[in-house]
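# Inside the fold
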Number of protein chains: 2
Amino acid sequence: MIMKRFAAIVSYDGTDFFGFQNQPGLRTVQGKFEEALHRIHKFCISSQGAGRTDTGVHGFGQVIAFDSNLDRLEATTMRDALNANLPSDMYVRKVHEVDENFSPRFAAKKRIYHYYIQTSSEPDIFRRRFVWWFPYSLDIKSMRRAAVNLLGEHDFAAFRTGKDDRNPVRTITAIRIIRYKPYIILIRVEGISFLKRMVRNIVGTLVKVGTGSVSEESVSEFLSSHDRSTLPGTAPPQGLVFYKVIFDEFET
Amino acid sequence: MIMKRFAAIVSYDGTDFFGFQNQPGLRTVQGKFEEALHRIHKFCISSQGAGRTDTGVHGFGQVIAFDSNLDRLEATTMRDALNANLPSDMYVRKVHEVDENFSPRFAAKKRIYHYYIQTSSEPDIFRRRFVWWFPYSLDIKSMRRAAVNLLGEHDFAAFRTGKDDRNPVRTITAIRIIRYKPYIILIRVEGISFLKRMVRNIVGTLVKVGTGSVSEESVSEFLSSHDRSTLPGTAPPQGLVFYKVIFDEFET
């Protein structure tokens, strides 16, 4: 049997999923993706994502790879077949044909996350699934200065939540904090790979700097403590989007 | 017992409601509002809205009036009490104290609806609850010319769906069709009052004009037919927002 490997660029509204990863009996992004693969192929096909996302966290550029015996299928046809079989809160933006050894997890050169904070005094009913409503003013310049302490390679054990036995040394290549709309701040975090809840712990900490309740310098102290319990807070999941993964192999 | 009448300006994401109006055993906007009133007052209080919205239709400026025996409560305190008792897909933007005879239904001088159409070739997962995804190009100028036929006082029987025994003569004071974002068209319809599904039938018809499948002139013919079955289509609920109600009594 000739097999072809595909990589799909997938968006999803994470609100109604129990996270990305397969969990028996629960509605997950990977589970729904593999259900669609099953409907197309008539047998079970496993898949691999570029990164896990927690319950309530969204995807814009998640990348999911899988093998198919439908070797005559064009990538665009596979894309349309997947979209015809996915629920309305998931959408495949592109499908690429990739090398048979391609792994989105290991081939990823960079991962980019976006976090949206809405600072208006009133909540916005129509954005509530996609922002952290935090109705206080934030000193963006102070947050930017604090973020500089996180750039580069560090032991990020203090910024990790839950069970995660992997090496805690990670590299953050960029953090940009911009006023995306009058009342919405976007924190864009770029790195090679991330620990569990690392972005939400970074955002939670930077927000505390933004309100003045934690000093800019303390961010370095949190890092060197290697101790999660020193951190002032974790940002809630709904503001976070797994925005983009960068590979050498193709344009996402 | 001294009673005070209040009018609340209410936003809601209509996706998970069975419309505005009370229906036993179903999750409705009015039902959730009256549940919040019950929790605050410890007894049942009935309410009146400025207009009904169907399942999936949203509110930004719905107005709901009710009487309260908590006559010492300031309007802002009532607002906060309601918000503390409403689900996350409803939000009271303002509360006004009004005259004891005020009726949002009969006092309304103007009602404004917004309808959002997304014309990009790709859907937007994050907007899907609030737009009609219609991935075709629309001739906005032609739609504007067609809309002129609907302005003023007409018998709108052809633009009504379902049971509605009321007088079908209605007045539309303005229709504006604007490019709200590069791929989103906003149709804003202002009138004094509307028949059941009237805005969605107007939008469905204008979109058919925009694609060229129905002529600009035929809009007048639909009107004068007084016959719903002549209409080419109804727009789906999720693009519609009950945007604003205008009263002489207070600023909404």
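So, how was this worked out
Residues numbered from 1 in each chain as written. Chains lettered and ligands numbered in written order. Predicted model: local features only at pLDDT ≥ 70, side-chain atom pairs only at ≥ 80, totals over all residues. Heavy atoms only, no water. Helix = DSSP H or I, 4+ residues; strand = E, 2+ residues; numbered from the N terminus. Rg over C-alpha atoms; globule rule 2.2 N^0.38 Å. Areas by Shrake-Rupley, 256 points an atom, 1.4 Å probe, with all protein chains shown as cover. Lys, Arg positive; Asp, Glu negative; His and termini not counted. Charge placed at Lys NZ, Arg CZ, Asp CG, Glu CD. Least-squares fit on C-alpha atoms with pLDDT ≥ 70 in both. Salt bridge = Lys/Arg side-chain N within 4 Å of Asp/Glu carboxyl O. Buried < 20%, exposed > 50% of the residue type's maximum accessible area, 1.4 Å probe, protein only. Contact = heavy atoms within 4.5 Å. Polar contact = N/O pair within 3.5 Å; in protein donor to acceptor, adjacent residues only side chain to side chain. Domains from an automatic or database assignment. Buried area = accessible area lost by both parts, 1.4 Å probe. Nonpolar A, V, L, I, M, F, W, Y, C, P; charged D, E, K, R; others polar. Axes fitted to C-alpha atoms, helices over the stretch in contact; angles between N-to-C directions. Parallel < 35°, antiparallel > 145°, perpendicular 65-115°, else oblique. Left-handed = near helix turned anticlockwise from the far one by under 90°.

## Observations concerning the overall build of chain A
Broken down by element type, chain A carries six helices and ten strands. In terms of C-alpha radius of gyration, chain A reaches 19 Å, essentially the compact-globule figure of 18 Å for 252 residues. In terms of principal-axis extent, the alpha carbons of chain A reach across some 60 × 40 × 35 Å. When the accessible surface of chain A is summed, it comes to about 11500 Å², and 50% of that surface belongs to carbon and sulfur atoms. Averaging the positions of the 35 positive and the 28 negative side-chain charges in chain A gives two centres separated by 3 Å.

## Here's the deal with the relation of the copies chain A and chain B
Superposing chain A onto chain B takes a rotation of 180° plus a shift of 0.0 Å along the axis, which leaves an RMSD of 0.0 Å. Such a combination of rotation and displacement between the chain copies is what one expects of a two-fold axis. Distance from the rotation axis, computed per C-alpha, reaches its smallest value in chain A at R127(A): 4.5 Å.

## Considerations on the pattern of salt bridges
With the rule as written, the count across this model stands at 36 salt bridges over all chains. Where E35(A) meets K32(A), a salt bridge forms, and the shortest distance between an N and an O atom there is 3.5 Å. In this pair, E35(A) and K32(A) both sit in helix α1 (residues 29-41), three residues apart, roughly one turn of the helix. Residue class for E35(A) comes out partly exposed when judged on its relative accessible area of 36%. Between D16(B) and R129(B) there is a salt bridge whose closest N-O contact spans 3.2 Å. Placement of the pair is D16(B) in the loop between β1 (4-12) and α1 (29-41) and R129(B) in the loop between β5 (110-118) and β6 (132-133), with a sequence separation of 113 residues. A residue is classified by how much of its surface remains accessible, and D16(B), at 39% relative accessible area, is partly exposed. Via salt bridges that share partners, D13(A), D16(A), R129(A) and R128(B) belong to a single interconnected network.

## Topic: the interface of chain A and chain B
Facing 20 residues of chain A, the contacting portion of chain B comprises 20 residues. There are four salt bridges connecting chain A and chain B. With a closest N to O distance of 3.1 Å, R128(B) and D13(A) form a salt bridge. Between the two partners, chain A and chain B, sit eight residue pairs in polar contact (both at pLDDT 80 or more). Secondary structure elements with two or more residues in the side of chain A that touches chain B: β1 (4-12), β3 (58-68) and β4 (90-98) of chain A.

## Quick look at the side chain of H96(B)
Residues and elements named next belong to chain B. Along the chain, H96 turns up in strand β4 (residues 90-98). Only 3.1 Å separates the side chain of H96 from the backbone oxygen of E251, close enough to count as a polar contact. Once residues within four sequence positions are removed from consideration, H96 is found in contact with R5, F6, A7, I9, A75, F250 and E251.

## Focus on the domain arrangement of chain A
Residues and elements named next belong to chain A. Looking at chain A, the domain boundaries give domain 1 (4-107) and domain 2 (110-245). Of note, the centres of domain 1 and domain 2, computed from C-alpha atoms alone, are 27 Å apart. Taken together, the contact pairs 19 residues of domain 1 with 15 residues of domain 2. Summing the contributions of domain 1 and of domain 2, the shared interface buries around 1300 Å²; its carbon and sulfur component is 51%. Counting across the domain 1 and domain 2 interface gives five salt bridges. A salt bridge links R200 to D54, with the nearest nitrogen and oxygen atoms 3.3 Å apart. Counting across the interface, domain 1 meets domain 2 through 13 residue pairs in polar contact (both at pLDDT 80 or more). Grouping the constituent residues of the side of domain 1 that touches domain 2 by class yields five nonpolar, nine polar and five charged.

## Re the packing of α1(B) against helix α2 (residues 75-85) of chain B
Residue and element names in this part refer to chain B. In the contact formed by α1 and α2, the axes pass within 9 Å of each other and the chain directions differ by 115°. By the angle class used here, α1 and α2 are roughly perpendicular. The crossing of α1 and α2 is right-handed. Residues F33, A36, L37, R39, I40 and H41 of α1 form the contact with α2, whose own contacting residues are M78, A81, L82 and N85. Residues belonging to the contact of α1 with α2 are distributed by class as follows: seven nonpolar, two polar and one charged.

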